[in-house]
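In case you want the letters, here they are:
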Amino acid sequence: MVSRNRSQVKDHLGSKVLNHPELRNTKATEYMSHEEKYRYNLSRATAMLKLIDEEGMDVNEISKVMSHTVSGFTTPDGNPLAVHQVMFVPTLMNQADDDQVSRWLGDVFNGTIVGTYAQTELSHGTFVRGLRTTATYDPASRTFDLHTPDVSAAKWWPGGLGTTANHAVVMAQLYTDGQPRGIHPFMVAIRDRETHRPLPGITVGEIGPKLGQNTLNNGYLLFDHVKVPRENMLMRNARVNEDGSYTKPSHQKASYGTMVFTRVAIALDTVDALQIAATIAARYSIVRRQGEPRDDGQEPQIIDYQTQQLKVLPHIAACYVLRASTARLWEHHTHVTSEVRGGDTALLPELHATACCLKALVTQDCSEAIEALRLSCGGHGYMTASRLPALYAYATAGATYEGENTVLLLQTARYLVKQAGGSHAPPAAGSAVTYLSRPADDTPFAVGSPAAYVAAVGRVARGRVTEVAAALQADRQTMPEADAWNQSLVQLVAAALAHGRYFVVREFAEVVSQQSSSRAIQQMLQLLFSVYLAHAVSRAEGDFITYGGLTPSDIRLNRRHLLRLLAELRPHMIPLTDAFDLPDRLINSTLGAWDGDVYRRMFEQASHSPLNTDEVPASFHQAMLRSKL
Ligand SMILES: CCCCCCCCCC/C=C\CCC/C=C/C(=O)SCCNC(=O)CCNC(=O)[C@H](O)C(C)(C)COP(=O)(O)OP(=O)(O)OC[C@H]1O[C@@H](n2cnc3c(N)ncnc32)[C@H](O)[C@@H]1OP(=O)(O)O
Ligand SMILES: Cc1cc2nc3c(=O)[nH]c(=O)nc-3n(C[C@H](O)[C@H](O)[C@H](O)COP(=O)(O)OP(=O)(O)OC[C@H]3O[C@@H](n4cnc5c(N)ncnc54)[C@H](O)[C@@H]3O)c2cc1C
C-alpha cells in the first residue's frame, strides 16, 4: 500500500475507526469491574487489530490509529494489545532474521500469535545489563534453557502479558560455552495457542491495579527451566550456531533497537494527549464565567484572567512546537533504521541520544502541562468525566516506561559530554550537536526577536554542557569514574534537558521558515513560537542569566512580553485548538465538547452513577442502619 502522510491518514482512517461497526458504539467504563473493563477494551483492541490487518496499514498509518487521539476512543482504559503492536511486532520485524520472519509473521498477522515484550524484572528495569533471567545454550539438545533464578528476577510489567499474550519476546542473559554474552531476545511460547493455558514451566499472571491504563494488562512471568529451540533466539544481529559458537552483533546495542523505536513513538504520541487536554481546557475556559460582573453585566469568562491565560495558552503553543519536532524525529528514525538494516550504524549513537532526550523532555513537559490544564478547570477538572485525570495518568506513565526519564537524560548527557570533550566520533553533517564544537552564537538578545531567543536557548545548552563536561573532567582526576559521574548527575540532567530544548526550538524555527503556503499561517506560527520561547525563558530565568547572556532587565522585559503575547494569542485560542481536528467522540469530555454545553453534560454523566439508581441505595440499609451510627 502506498504510504500516506500523517494528516491524510487521519482523514482517511479516523472516520473508518469512528464508524467501524464494532467500535462506533461506546460504553462508559467508569463503573465497570476490572474484569468487565478488560473484556470491553480487549474486544475493541481486537477489532482495531483486524482493521489494521484488513487495511494493510503501513507503520505511519498504524502510528495514527494507535495514537492516543484514536486509542483513547477505542481502548479508553489502556490497550491490552498495545505492546503487541508497538513493541512485539517491530522487534520481530527488526531483530528476527529472514527465516524467522517468514516462520512467525503469518501467524502474527492472522492473530494466532499474540505477543508482548518481556524485559523488565521485579528488581531490574533501568539497568538492563543487570537482568537475571538466563538463557543457557545446550549444543546437545540444540535448545536454550530459560530460567528465573528467584522471584526478584520475575518478569514484571510487560503489557498484555497478564492474560492476553500467548508469546513473548523475552530479554535474557545469554550463556554459551559457559560464557555470559549479554542480553539477547528470545521468542518464547508462554500459553497454549488453543486452550490459552500456561505452558509447562511457565508461571504467568496480571500484576494488579495502577494509577491509570488499567487494561494495559501488565503481567508477571517466571520460567522453570523452560526449553526453547535454538531457532527461537532472534538472530538478525547476534547468532548462536548449532555447536554453541557465538557471533557478535554489528553494534553492541543492536538488541536495544526496539526501545529506541518505542521512545520515538511515545514522544510523538504524548503530544496527542496534550492536544486533547489543551482543547478541553481552552473550551472550558471560554464557557466558564465566574467573578464580579463587568460593564456588560456578565461575569467574566475565566480565560480573560491573565493568570488563566498563563495556565492555558503556553501549552497550546507547546502542542504545535512539540508536534513538529517529534514528527521530524519520527521521520529521522525511519531513515536511520533503514541505514542500520543496510549495515551502517554511524547515525545510531546520535539517534539514541536524541530519542532519549526527546522522550524525556516531551513526557515531562506534557505531564506537567496536562496537570496545569487540569487545575485550570477548577473542581470540574478533578472529575473523571472531564477526561483530564486519565490524560495525566497516560502522560506521566510515559515519564517512567521505556526508560525512566532521569536515566534517559543521563544517556543523552553521556553523549553530549563526549562530544564536548572530542572523545566521540565527530558528528555527521546535519547533526544536532555541531553547535558544541563551534563558537557560541553571540546574536544579542532582543525581546521580540525569535532568532535572538533561539540563539539564547543555544547558549544555555552550550553553557550547561561545556560546564558539566569540565566539572566531570576535573573530578575524574581526583576520584573514581562512578563517583565523578554521581557528583555531576543533577547538572548532567539539566544539560541534557537544555540540549533537548535547543533541539526542539531549532526544529520549529525551520518549520516556520519553510512554511510558505500562507502569510496568515506563517504569522500565526510565529506568534505561537514567540509564546513558546518567552515561556521557556520565564521557566528557566536563572539559566538564561547564567548561560544565555540575558540581563536582569531582559528578564523583566521578557515577563511583560510574555503576558502581552498571551493577550495577543487569546482571540485565536479556539481556532488553534479546533485546528487539532478532534471530534467530540475522540475528546470524550464533559468540559471539552465543541458546543460548550458543559453543565448539561455534567448532570447527564452524574445520572450514570449506580448510587443514583434508587432513591435510597441498598448499601444505606446494609452498612449504616446495621451499625451503631
Ligand atoms: C507502531 C506505532 C505506534 C505508535 C503509537 C504510539 C503509542 C505509544 C504508547 C504505547 C503504550 C504503552 C506501551 C508502553 C510499553 C513500555 C514498555 C517498556 O517499558 S519496555 C522496557 C524499557 N526499558 C528501558 O527502557 C530500560 C532503560 N535502560 C536502558 O535502556 C539501558 O539500561 C541504558 C541505556 C540506560 C544503559 O544501557 P547499558 O548499561 O547497556 O549501556 P551503557 O550505559 O553502558 O552504554 C554503553 C553504550 O551504549 C550506548 N547505548 C545504550 N543504549 C543504546 C541504544 N538503545 N542504542 C544505541 N546505543 C545505545 C550508550 O550510549 C553507550 O555508548 P558509548 O559510545 O559507549 O558512550
Ligand atoms: C505502565 C507501564 C508499562 C510498562 N510496560 C512494560 C513492558 O511492556 N515491558 C517491559 O519490559 N517493561 C515495562 N514497564 C517497565 C518500565 O520499563 C520500567 O518501570 C522503567 O524502565 C523504569 O525502571 P524501574 O522501574 O527499574 O525504575 P528504577 O530504575 O528503579 O527507578 C527508580 C528511581 O531510581 C533512579 N535511578 C535508577 N537508576 C539510576 C541511575 N543509573 N542514575 C540515576 N538515577 C537512577 C530513577 O531515576 C528513579 O528516580 C512498564 C512500566 C509501566 C509503569
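Everything quoted here is computed from the prediction, not taken from an experiment. Positions within a chain are numbered from 1, following the residues in the order the chain's sequence is written. Each chain takes a letter, starting from A, and each ligand takes a number, starting from 1, following the order in which they are written. In keeping with the model being predicted, local features are shown solely for residues with a pLDDT of at least 70 and side-chain atom pairs are shown and tallied solely at 80 or more, while totals for entire chains, interfaces and linings include all residues.

*Asks:* So what exactly am I meant to see when it comes to the overall build of the chain here?
*Replies:* To qualify as a helix, a DSSP run of H or I must reach at least 4 residues; to qualify as a strand, a run of E must reach at least 2; elements of each kind are numbered from the N terminus. Of regular secondary structure, the chain possesses 21 helices and eleven strands. Our radius of gyration is a C-alpha quantity, and the globule rule it is checked against amounts to 2.2 Å times the number of residues to the power 0.38. Compactness check: the chain gives a C-alpha radius of gyration of 26 Å against a globular reference of 25 Å for 629 residues, within 12% of the reference. Principal-axis analysis of the C-alpha atoms gives the chain an extent of 90 × 75 × 60 Å. Exposure in this text rests on C-beta crowding, where 20 or more other C-beta atoms within 10 Å of a residue's own make it buried, 12 or fewer make it exposed, and counts in between make it partly exposed. The C-beta atoms are placed from the backbone. Within the chain, buried positions represent 45% of all 629 residues.

*Asks:* In this structure, what is going on with the UniProt feature "binding site: FAD" (unreviewed entry) in the chain? I would like to understand it.
*Replies:* When the UniProt feature table is mapped onto this chain numbering, "binding site: FAD" (unreviewed entry) sits at Thr120 and Gly159. Of the residues just listed, which span 40 residues, no C-alpha pair is farther apart than 10.7 Å, and they cluster in one region. Judged by local crowding, Thr120 falls into the partly exposed class, with 19 C-beta atoms found within 10 Å. If near-sequence neighbours (up to four positions away) are discounted, Thr120 is found in contact with Gly125, Lys155, Trp156 and Trp157. Positionally, Gly159 belongs in the loop between strand E4 (155-156) and strand E5 (167-176). UniProt positions are given in the numbering used here, feature names are shortened, and annotations may be inferred rather than shown by experiment. By the convention adopted here, residues are in contact when the distance between their C-beta atoms, placed from the backbone, does not exceed 7 Å.

*Asks:* I tried to follow the sheet that holds strand E7 (residues 202-206) on my own but got confused; where do I start?
*Replies:* Within a sheet, each strand pairs with its neighbour through backbone hydrogen bonds, oriented either parallel or antiparallel. At least two DSSP bridges between two strands are needed for those strands to be called paired. Strand order in this open sheet of three strands is E4-E8-E7, and the pairing throughout is antiparallel. What marks the edges here is a single partner per strand, and that holds for E4 and E7. In this structure, E7 lies alongside strand E8 (residues 219-223), joined through five bridges in antiparallel fashion. Among the inter-strand pairings, Ile202 is bridged to a residue of E8, identified as Phe223.

*Asks:* So what exactly am I meant to see when it comes to the site of ligand 1 here?
*Replies:* In the vicinity of ligand 1, 35 residues are found, and the nearest of them are Val128, Tyr256, His352, Tyr401 and Gly403. Under the scheme applied here, ten amino acids are nonpolar (Ala, Val, Leu, Ile, Met, Phe, Trp, Tyr, Cys and Pro), four are charged (Asp, Glu, Lys and Arg), and all others, including Gly, are polar. Here the shell around ligand 1 is composed, by residue class, of 19 nonpolar, eleven polar and five charged. Placing a C-beta atom from the backbone of each residue, we mark the residue near a molecule or strand if the atom is within 6 Å of it.

*Asks:* Which parts of the structure should I look at to understand unusual backbone geometry?
*Replies:* Glycine aside, negative phi is the norm for most residues, and most peptide bonds take the trans geometry. Not every positive phi belongs to a glycine, and Arg142 is a case in point at roughly 55°. Along the polypeptide, Arg142 turns up in the loop between strand E2 (134-138) and strand E3 (143-147). We classify Arg142 as partly exposed; it has 15 C-beta atoms within 10 Å. Positioned with a positive phi, Asp177 is a non-glycine residue whose angle comes to about 50°. Within the element layout of this structure, Asp177 appears in the loop between E5 and strand E6 (179-189). Note on Asp177: 12 C-beta atoms within 10 Å, which makes it exposed.

*Asks:* Just checking my understanding: could you explain the packing of helix H5 (residues 82-95) against helix H6 (residues 98-109) for this structure?
*Replies:* Helices that pack against each other are described as a pair by the angle of their axes relative to one another and the distance between those axes. To get an axis, fit a line to the C-alpha atoms, keeping to the stretch in contact for a helix; angles then go from 0 to 180 degrees between the N-to-C directions. Relative orientation of the contacting elements H5 and H6 amounts to 155°, with a least axis distance of 10 Å. Considering the angle they form, H5 stands roughly antiparallel to H6. Crossing angle aside, the handedness with which H5 passes H6 is left-handed. On H6, the residues that touch Val89, Leu92 and Met93 of H5 are Val101, Trp104, Leu105 and Val108. Looking at side-chain class alone, the contact of H5 with H6 contains seven nonpolar, no polar and no charged residues. By definition in this entry, angles of less than 35 degrees are roughly parallel, angles greater than 145 are roughly antiparallel, angles of 65 to 115 are roughly perpendicular, and the rest are oblique. The hand of a helix crossing depends on one turn: near helix anticlockwise from the far one by less than a right angle means left-handed, and clockwise means right-handed.

*Asks:* What's the story with the nonpolar core in this structure? I'm lost.
*Replies:* Side chains that are nonpolar tend, in soluble globular proteins, to be buried together. A set of buried residues drawn from Ala, Val, Leu, Ile, Met, Phe, Trp, Tyr and Cys, joined through C-beta atoms within 7 Å, is what defines a nonpolar core. Of all hydrophobic cores here, the largest spans 168 residues; its most connected members are Ala277 and Ile370. Top contributing element to this core by residue count: helix H7 (residues 257-287), with 18 residues. Here Ala277 is in contact with Ile370, Leu373, Leu388 and Leu391, once residues within four sequence places are set aside.

*Asks:* Help me understand the domain arrangement of the chain, please; the structure alone is not making it clear to me.
*Replies:* Interface size, as often reported, equals the accessible area lost upon joining of the parts. Where each domain begins and ends follows an automated or database-derived domain assignment. Once the domains are mapped, the chain shows domain 1 (6-79), domain 2 (113-245) and domain 3 (257-290 + 300-426 + 447-576). Using only C-alpha atoms to locate each centre, domain 2 and domain 3 end up separated by 35 Å. Taken together, the contacts link five residues of domain 2 with seven residues of domain 3.

*Asks:* Before we go on, may I ask you to explain the environment of Asp304 in this structure?
*Replies:* Positionally, Asp304 belongs in the loop between H7 and helix H8 (306-341). With 15 C-beta atoms packed within 10 Å, Asp304 lands in the partly exposed category. Spatially, the C-alpha atom of Asp304 lies 45 Å from that of Thr46, the residues being 258 residues apart in sequence.

*Asks:* Explain the confidence of the model for the chain here, please?
*Replies:* Low pLDDT means the predicted coordinates in that region are not meant to be read closely. Chain-level pLDDT for the chain is 95 on average; 97% of the residues reach the 70-or-more range. Confidence of the predictor in every single residue is expressed as pLDDT, which spans 0 to 100. When the criterion is pLDDT under 50, residues 1-5 qualifies, and its contacts beyond four places in sequence or with other chains add up to eight contacts. Here the prediction assigns the complex a pTM of 0.97, and the interface score ipTM is 0.99.

*Asks:* Which parts of the structure should I look at to understand the site of ligand 2?
*Replies:* Around ligand 2 there are 23 residues in total, and Gln119, Thr120, Gly125, Thr126 and Thr406 lie nearest to it. Here the shell around ligand 2 gets three residues from one element, more than from any other, and that element is helix H11 (residues 405-420). For the shell around ligand 2, the residue count by class is eleven nonpolar, ten polar and two charged. Residues from two domains meet in the shell around ligand 2; each of domain 2 (113-245) and domain 3 (257-290 + 300-426 + 447-576) gives at least three.

*Asks:* Mind showing me how you'd approach the pairing of strand E1 (residues 115-118) here?
*Replies:* Neither face of E1 is left uncovered, since the one carrying Gly115 and Tyr117 and the one carrying Thr116 and Ala118 both have all their residues buried. Judged from the four bridges that link them, E1 and E5 form a sheet pairing that is parallel. Residue pairing across strands places Gly115 opposite His167, the latter belonging to E5.

*Asks:* Would you mind going over helix H2 (residues 34-55) with me for this structure?
*Replies:* Given 3.6 residues to a turn, an α-helix orients residues that are three or four positions apart in the same direction. Between its terminal C-alpha atoms H2 stretches 31 Å, which fits the 32 Å expected from 22 residues at 1.5 Å a residue. Inspection of H2 places Lys37, Tyr38, Asn41, Arg44, Ala45 and Met48 among the buried residues, and these make up the whole buried set. The buried residues of H2 occupy an angular sector of 145° when projected down its axis, which confines them to one face. Turned more than 90 degrees away from the buried face of H2 sit Glu35, Glu36, Ser43 and Glu54, all of them exposed. Of the surrounding secondary structure, the elements contacted by the buried residues of H2 are helix H3 (59-65) and helix H4 (68-74). How far a helix is expected to stretch is found by multiplying one less than its residue total by 1.5 Å. Throughout, the arc means that of the directions going from the helix axis to the C-beta atoms.

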